[in-house]
Amino acid sequence: MIASSGAAFRIAPIAVGEESTVIAEYEPDPAASERYQSEAELERELIKQLCAQAYEPLAITSEVDLVANLRAQLEALNGITFTDTEWKAFFSEKIANANDGIVEKTALIQEDHVQILNREDGAFENIALIDKTNVHNNRLQVINQYKSEGARATRYDVTILVNGLPMVHVELKRRGVDIREAFNQINRYQRDSFWAGSGLFEYVQLFVISNGTLTKYYSNTTRDRHVGELAGKRCRKKTSSSFEFTSWWADANNNRIADLPGFTRTFLSKRTLLNVLTRYCVFDVDRSLLVMRPYQIVATERILQRIEISTNYRRTGTIDAGGYVWHTTGSGKTLTSFKTAQLATCMEGIDKVLFVVDRKDLDYQTMREYERFEKGAANSNRSTAVLKEQLEGPDSRIIITTIQKLSTFVKRNKQHPVYGKHVVIVFDECHRSQFGDMHTAITKTFKHYHLFGFTGTPIFADNASTSGSPKRRTTAQAFGDKLHTYTIVDAIGDKNVLPFRIDYVNTIKVAPQATNTPVAAIDTESALLHPDRVRMVAEYILGRFDQKTRRSEGYVLKDKRVRGFNSMFATASIDAAKRYYNAIEKLQREREQAAQAAGKRYERLKVGLIYSSAPNEDEPDGLLGEEDFEPDGLDKASRDFLEGAVQDYNDMFGTSYDTSSTKFENYYKDLSGRLKNRELDLVIVVNMFLTGFDATTLNTLWVDKNLKQHGLIQAFSRTNRILNSVKTYGNIVCFRDLEDEVDDALALFGNKDAASVVKIAPYGEYYSKYQQKISDLLDRFPLGKEIVGEQAQKDFIALFGAILSLRNILVAFDEFAGNEILTPRQMQDYQSIYLDLYEDFRRTAEGDKESISEDVVFEIELVKQVEVGVDYILMLVSEYQKQKGNGVDKELEARSNIARALEASASLRNKKDLVMEFVDSISADVNTAHAWQAYIAQKRHDELERIIAEENLNPGPARAFVEDAFRNGEIPTGGTAITKILPPVSRFAHGNNHGAKKAVVLEKLKAFFDRFSGLS
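Residues numbered from 1 in each chain as written. Predicted model: local features only at pLDDT ≥ 70, side-chain atom pairs only at ≥ 80, totals over all residues. Heavy atoms only, no water.

Trainee: Got a minute to help me understand the overall build of the protein in this structure?
Mentor: Each helix and strand counted, the protein has 35 helices and 24 strands in total. Looking at the protein as a whole, 56% of its 1016 residues are labelled buried. Put simply, of all contacts in the protein between residues at least 6 apart along the chain, 73% involve residues at least 24 apart. Total accessible area computed for the protein in this model is approximately 41700 Å², and 49% of it derives from carbon and sulfur atoms. (Helix = DSSP H or I, 4+ residues; strand = E, 2+ residues; numbered from the N terminus. Buried < 20%, exposed > 50% of the residue type's maximum accessible area, 1.4 Å probe, protein only. Contact = heavy atoms within 4.5 Å. Areas by Shrake-Rupley, 256 points an atom, 1.4 Å probe, with all protein chains shown as cover.)

Okay, here's the thing in C-alpha cells:
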C-alpha cells in the first residue's frame, strides 16, 4: 500500500508476487505424496505434470534424433534456416567442438550464449543458444529414457531440453530410497557417458535428484574441489559435486518444498527455471557454476523491486527507498550482494552501485570474492583519490570501498556531481559503524540514492543497548524495512552451515571460603591471566589439538594432501594474546626436547599471532571492537612483541614481513591465505578474523574472551562453514562461562528453540545410540560368520554406515577416548567386510541396471577420511622387515597386519597385490621408502606399456596423456587428448567402431589410473 504523499509516506514491505522467481508462500497438496510409488510411476507423473506446465514431450532416445531436434529448435529461436553445410560446421565447431568439455560448454551457456554463424553466402548471423532478454522465447521440452553409449550403455531418467540442448537432468529413485543414490547415479553418468558421442549432455547446467518425497538441486560444477578432496585426487576439472552442497528449494518464507510435485510446480515452472538458468547462476573465475539458493534469490529480487518502486514513486534519497536483509553469517551474503549489484547496474537509470564495508580487511576480502565471481566486475580502491576517479569515471559501475574512504571523500568534496547521480549503496555487515556520524554524513550528502544493508546479526530494539548517548539506532531505523530473513536456524536446518559443538572448560578453582560464588563471577583479568591458568589453558589446547581438529583424517585441498582442520584462539586483550603465544611456544619447546631425548620426533604446531592498535574493550551490546592495519598506535612493548611474532612467521614460511604499515597489511593477507589453505595450525587473535573471515578448513575456536550477542555469533560462525563429510560441526571450546550468553544470542538471532537446532546433542545421546548399534552389530553380524542373503547384507551396510556416522561425531568428544568398544582390529575387519560388499554391489550396478540394489547407500567418504595411507603401510612394512629372522610367527603376524590394513582401506585394497608383492621382495637391510618408489615406478611403466601394446595405442601421446592425468588428478574423457592416443582410423568411416574402441581404452586407463594413483 502506498500512502499519498508527505512525511507519512511509506512503502510497505514488498510481497513476492507472480512475477517473482520464488513463490511467496507454498501450500502443499496433501494428496500429492500418495499419487505414485514406483520409480516408473514417479517418472510418468513428472512428465505429465511438466506437460501441463507447457513443456513439449518428445520421444527421443538417440543422439541422431537429439541433434535433429536441436537444429530445429535453434532455427525457431533465431528465425533462420540452416543449410546442411552451415549446420554441420556450426554444430561441429561451436556446439560439439571435440576440444570442449563441461567447463567450456557451461561457459557457452553462461557467458557466450550468442555465437556467430558463417553463412554460405559470406554473411554473418548471430545465433543465440538461449534468449536471456526475454526468457519466454525459449522452448522447453522433456525427454525420458534417453539411451547413451559411453563406457557402458546407459538410460537417463528425465531430461529437460532448453532450445534443444539438455540443460536440466532429473534423476529419480522410488519412494523410500535415499536420494544420495540418485546423486551417485549422476556421478556415474558424468564419469561414464555424458561425454559420449557429441557430448551434448555436457551442456546440463542443473541436476535435480528426487525420490518423490525429497527433492534437491545443484549445479554441474558446483564444489568440484570437494569431490577431489574426498577422492584423494587433485581433480582440477572433475565435474561431479559433493552431496553436502546440494540445495533445497523453498518459498519466500524459507518453507522447504521437498516433494516432487511441489518442486515441479515451483522450481520447474517455466519462468522460475529459466530465471535460475539465465539470471541466478554465477560462473566464477575458477570455472565453477554456482547456482543461487531460494533465499538469496528472494533477497536479490526484493532489493531490485524496492529500487524500481521507490524510483517510480520518486522516493529516492529517503529511508523508504532502501531496506535491509538479515541473512545469517555463512549463508552466502557476498554472492547475494554481488548478484544484486550486478543486476542493479543493468537497471535503467542506475549510475553507480557502491558496496561499502567497514574495515580495510573486509574491503580486501570482498574484492577478492567479487573478483572470483566475475573478473573485473567490480573496482576496489587503495586511496580516496582512486575512489574519486571511480566515482567520476563512466567505466566503474560497481565500486567496493570502506566507509572511512567514502566518508573522507564526502568531507573533501562538499560539492560533487556524483551526489546528484542515481546510486545504489549497499552496506555489508550493517550492524557496525554505519550507524554513526559517517553513515549520517553520507546519507545527507547523496540526494538520489537507495540504501541497503546486509547483516547476519541485526540491531533490534531489544539489543540496542546504550553505549554512551544517545541510544544506538536499530537496523530498521538506519536502513528501512526488513526485506528478507534467513536465520541461523534456517541455515542449519537446510544444512547450508554446520551446527556447533560447545565445550565449557572450567579453568578457575574456587577457594574453599568462596564455595557459593559462581565461577562466572570470578572474572577479573588478573585472575584469568595468572601464569598457572595461562599454562593450563595452553596445555589443554596442545593436549586436545589433534582430537579437536581431527588430525587423524586426511583429504586433498588445492592439490595438496593435508590432515585435519585448523583453529583460531580468541583472546581478551593484546596482553592475553602475548602471554598465550609465549606459553604455547614454551610448551612446544619442552615437548620437542622431551621427544628428542626419547629418540622420537615431535611435530610442532605452526602458530601465528596478529593484533593491532584498536581498543580491545568490546562494546556493551556485544559488537567486537574494530582493528585496523595501523600498529603505530601500539605501545612499544606490544609493537616489539608483534614484530618478534611476525619474524617467527617469516622464519616459518620464508617471508619478509614486519609491522610497518604496508608490510603489516601484506602480513595480514598472507596469514589469511595460509589459514584458508591449512598451512597454519593455530592463529591467536584479539578481534581480527572474528568477523567477516571465511575459511572452510577452520573447525575449532578456542575462546578465552567474554563474548555476547553479535560478537558471539560472529566469532562462533568462523567454524561452521561446510567443507566435507567429516566436518560435521564447528567446535567451540570456551575457557570462560559463556553458556547463558550463548543461549541468549541464539534466542536473539534465531528463535526461542534455536539452541536445540544450533547446538549438537550432548555426548551421552550420541554414545547411547553408538552403544546400541555396536551391540546390534556384534550380536547380528559376529566376525567370522558369513553374511548370507541380500537383505542381511543391506542391513549390515545400513548398520555399519550408521556406526561410522556416529563415530565421526563422537571422536571429537573427550569422553570417547578409551570407550570405542570395538578394538582397532575389529574395526578393520568390519570395515573390510563393508568394503567387500561395496565392491560387490557396485559391480552389480555396473553390470545390470535391473538388479541394482538402489536403496543401499555406502558411507565411503567416512571410510576414506579415517583410513590408513601409504605412509602407514610403509611403516608396517618397516616393522615387517625388523621381524625377519625373529621367528616365523612374528614374521607372519607382521605380514598379516599389512594385509589387514590394506583390506580395510577403500583406496589401497585394489592395490593389495602390488603392496604384498613388494613386501615379499624386500630384504631386511634396504631403505623401505626408496625401494618402494623404485618398485612402483617400474610397475607403473610395465603395466602402461602392456596396455599400449594390447590396444595398439600411439606410444608417445599415450605416455604424455597418462602423465597429464596423474598431474591433474583424473583421466580426461572429453576433448581431443584421448582421440590422439587411439590407433589412426577415420571417425567417419562406416563400421570403424571408434566409439567402442574409445570406451575400452578409457576403461583400461581408468583402471590403471586408480591402481597407481596416490602411491608415489
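Trainee: Please clarify how the packing of aromatic side chains should be interpreted in this entry.
Mentor: Given two aromatic rings, one states the distance between the centres and the angle between the planes to describe the pair. Under the criterion given, the structure shown has 53 aromatic pairs. Summarising the aromatic geometry, the rings of Tyr-540 and Phe-735 are spaced 5.7 Å apart at their centres and angled 85 degrees between planes, so their arrangement reads as edge-to-face. Taken together, the positions of Tyr-540 in helix α18 (residues 531–548) and Phe-735 in the loop between β24 (730–734) and α23 (739–749) put the pair 195 residues apart, joining distant regions of the chain. In this structure, Arg-501 packs its charged tip against the face of Phe-813, placed 3.5 Å from the ring centre. It is Arg-940 that lies over the ring of Phe-966; its NZ or CZ is 4.0 Å from the centre. (Phe/Tyr/Trp six-rings, centres within 6.5 Å; stacked < 30°, edge-to-face > 60°. Lys NZ or Arg CZ within 6 Å of the ring centre and 35° of its normal.)

Trainee: Help me understand the pattern of salt bridges in this model?
Mentor: Proximity of charged atoms lets side chains of opposite charge pair with each other. All chains considered together, the criterion is met by 44 salt bridges. The shortest N-O distance in the salt bridge between Glu-86 and Arg-119 comes to 2.9 Å. Here Glu-86 is found in helix α3 (residues 84–95), whereas its partner Arg-119 is found in the loop between β2 (114–118) and β3 (124–128), with 33 residues between them in sequence. As far as the burial class goes, Glu-86 and Arg-119 line up, both buried. One salt-bridge network, held together by shared partners, links Arg-501, Asp-503, Arg-544, Lys-548 and Asp-814. (Salt bridge = Lys/Arg side-chain N within 4 Å of Asp/Glu carboxyl O.)

Trainee: What's the story with a negative patch on the surface in this structure? I'm lost.
Mentor: Among the surface-exposed residues, Asp-737, Glu-739, Asp-740 and Asp-744 lie close enough to one another that they form a single negatively charged patch. Summarising the element assignment, Asp-740 is placed in helix α23. Judged by its relative accessible area of 57%, Asp-740 is exposed. (Patch = residues over 30% accessible without salt bridge, like charges linked within 9 Å, V, L, I, M, F, W, Y side chains within 5 Å. Lys, Arg positive; Asp, Glu negative; His and termini not counted. Charge placed at Lys NZ, Arg CZ, Asp CG, Glu CD.)

Trainee: I would appreciate a short explanation of the pairing of strand β7 (residues 206–210) in the present structure.
Mentor: Consecutive residues of a regular strand have side chains that alternate between opposite faces of the sheet. Of all the five residues making up β7, five are buried; the element is thus mostly covered by neighbouring parts of the structure. Here β7 shows a buried face lined by Leu-206, Val-208 and Ser-210 and a second buried face lined by Phe-207 and Ile-209. Summarising the sheet, strand β6 (residues 165–172) and β7 pair through five bridges and their orientation is parallel. For Val-168, the partnering residue across the bridge sits in β7 and is Leu-206. In this fold, the crossover linking β6 to β7 by way of helix α5 (residues 180–192) has right-handed handedness. Examined bridge by bridge, β7 and strand β8 (residues 215–219) share five bridges and lie antiparallel to one another. When the sheet's bridge partners are listed, Val-208 is paired in β8 with Tyr-217. Hairpin connection of β7 to β8: four residues between the antiparallel strands, including Gly-212 at a positive phi of 90 degrees. (Pairing = 2+ DSSP bridges. Right-handed = clockwise from strand over helix to strand, strands pointing away.)

Trainee: What exactly am I supposed to notice about the sheet that holds strand β13 (residues 398–402) here?
Mentor: Strand pairing in a sheet takes place through backbone hydrogen bonds and is either antiparallel or parallel in direction. With parallel pairing, the six strands of this open sheet are ordered in space as β13-β12-β14-β15-β11-β16. This sheet does not close on itself; its edge strands, each paired only once, are β13 and β16 (482–486). Each adjacent strand pair in this sheet contributes to an overall mean axis angle of 15 degrees, direction not counted. The pairing of strand β12 (residues 352–357) with strand β14 (residues 423–428) spans five bridges and is classified as parallel. What sits directly across from Val-356, in β14, is Phe-427. (Axes fitted to C-alpha atoms, helices over the stretch in contact; angles between N-to-C directions.)

Trainee: Sorry if this is basic, but what is going on with the sheet that holds strand β22 (residues 682–685) here?
Mentor: Ordered by their spatial adjacency, six strands build an open sheet running β17-β24-β23-β20-β22-β21, and the pairing between neighbours is parallel. A single partner strand is all that each edge strand has here, and the edge strands are β17 (500–504) and β21 (607–610). Geometrically, the sheet is characterised by an average inter-axis angle of 20 degrees between neighbouring strands, direction not taken into account. Helix α22 (residues 709–716) rests against β17, β23 (698–704) and β24 of the sheet, and its axis sits at about 140 degrees to β23.

Trainee: How do you make sense of helix α12 (residues 384–392) when you look at a structure like this?
Mentor: Within an α-helix, residues lying three or four positions from one another point in the same direction, as the helix has 3.6 residues per turn. Considered for burial, the residues of α12 that qualify are Thr-384, Leu-387, Gln-390 and Leu-391. Burial along α12 is one-sided: seen end-on, the buried residues are contained in an arc of 115 degrees. In this structure, the buried residues of α12 make contact with β12, β13 and α13 (403–412). (Arc of directions from axis to C-beta.)

Trainee: Hey, could you run me through unusual backbone geometry in this one?
Mentor: Excluding glycine, a negative phi dihedral is what most residues carry, and trans is how most peptide bonds are arranged. The phi dihedral of Arg-314 is positive, around 55 degrees, even though this residue is not glycine. Relative to the assigned elements, Arg-314 resides in the loop between α9 (294–312) and β11 (323–327). For Arg-314, a relative accessible area of 74% gives the class exposed.

Trainee: Help me understand the pairing of β14 in this model?
Mentor: Burial of β14 is extensive: six of the six residues sit out of reach of the surface. With six bridges joining them, β14 and strand β15 (residues 449–455) adopt parallel strand pairing. Counted as the bridge partner of Asp-428 is Phe-454 from β15.

Trainee: Help me out: how do you make sense of the side chain of Ser-573 in this one?
Mentor: Residue position: Ser-573 is located in the loop between β20 (566–571) and α19 (574–597). Here Ser-573 falls in the buried class, since its relative accessible area comes to 15%. Within the structure, Ser-573 has its side chain in polar contact with the backbone nitrogen of Ala-576 (distance 3.0 Å). (Polar contact = N/O pair within 3.5 Å; in protein donor to acceptor, adjacent residues only side chain to side chain.)

Trainee: Before we go on, may I ask you to explain the side chain of Thr-154 in this structure?
Mentor: Within the secondary structure, Thr-154 sits in strand β5 (residues 153–162). You can call Thr-154 buried: its relative accessible area is 10%. Sequence-distant contacts of Thr-154, that is, excluding residues within four places in its chain, are made with Tyr-146, Lys-147, Ser-148, Tyr-189 and Ser-193.

Trainee: Can you walk me through the packing of helix α25 (residues 763–780) against helix α26 (residues 790–810) in this structure?
Mentor: At their nearest, the axes of α25 and α26 sit 10 Å apart, and the two run at 150 degrees to each other. As judged from the angle between their axes, α25 and α26 are roughly antiparallel. In terms of crossing hand, the pair formed by α25 and α26 is left-handed. Along the contact surface, α25 presents Tyr-763, Tyr-766, Tyr-767, Lys-769, Tyr-770, Lys-773, Ile-774, Asp-776, Leu-777 and Arg-780, while α26 presents Asp-795, Phe-796, Leu-799, Phe-800, Ala-802, Ile-803, Leu-806, Arg-807, Ile-809 and Leu-810. (Parallel < 35°, antiparallel > 145°, perpendicular 65-115°, else oblique. Left-handed = near helix turned anticlockwise from the far one by under 90°.)

Trainee: Would you mind showing me how to read the confidence of the model for the protein here?
Mentor: One rule of thumb: low pLDDT means the predicted coordinates there are not for detailed reading. Overall, the predicted model of the protein reaches an average pLDDT of 82, with 83% of residues at or above 70. Note that residues 223–241 has pLDDT below 50 and, in this model, 66 contacts with residues that lie over four places away or in other chains. Below pLDDT 50 for its whole length, residues 987–991 participates in two contacts with residues either more than four positions away or in separate chains. (pLDDT = per-residue confidence, 0-100.)

Trainee: What's the story with the packing of α18 against α19 in this structure? I'm lost.
Mentor: Pairs of packed helices are described in terms of their axes, by the angle between the two and the distance that separates them. Orientation of α18 relative to α19, taken along the N-to-C sense of each, is 60 degrees, at an axis distance of 9 Å. The angle between α18 and α19 places the two elements in the oblique class. The crossing of α18 and α19 is right-handed. Taken together, the residues of α19 that come into contact with α18 (itself represented by Arg-533, Val-534, Arg-535, Val-537, Ala-538, Glu-539, Leu-542 and Gly-543) are Arg-579, Tyr-580, Ala-583, Ile-584, Lys-586, Leu-587, Gln-588, Glu-590 and Arg-591. Of the residues belonging to the contact of α18 with α19, the class tally is eight nonpolar, two polar and seven charged. (Nonpolar A, V, L, I, M, F, W, Y, C, P; charged D, E, K, R; others polar.)

Trainee: In this structure, what is going on with the environment of Thr-719? I would like to understand it.
Mentor: By the secondary structure assignment, Thr-719 is in the loop between α22 and β24. Its relative accessible area of 0% is what places Thr-719 among the buried residues. Thr-719 sits 23 residues away from Thr-696 along the chain, and the two C-alpha atoms are 7.5 Å apart. With near-sequence residues (within four places) excluded, Thr-719 lies in contact with Phe-500, Leu-698, Asn-699, Thr-700, Leu-701, Lys-727, Gly-730, Asn-731 and Ile-732. Engagement of the side chain of Thr-719 in a polar contact is seen with the backbone oxygen of Phe-716, the distance being 2.9 Å.

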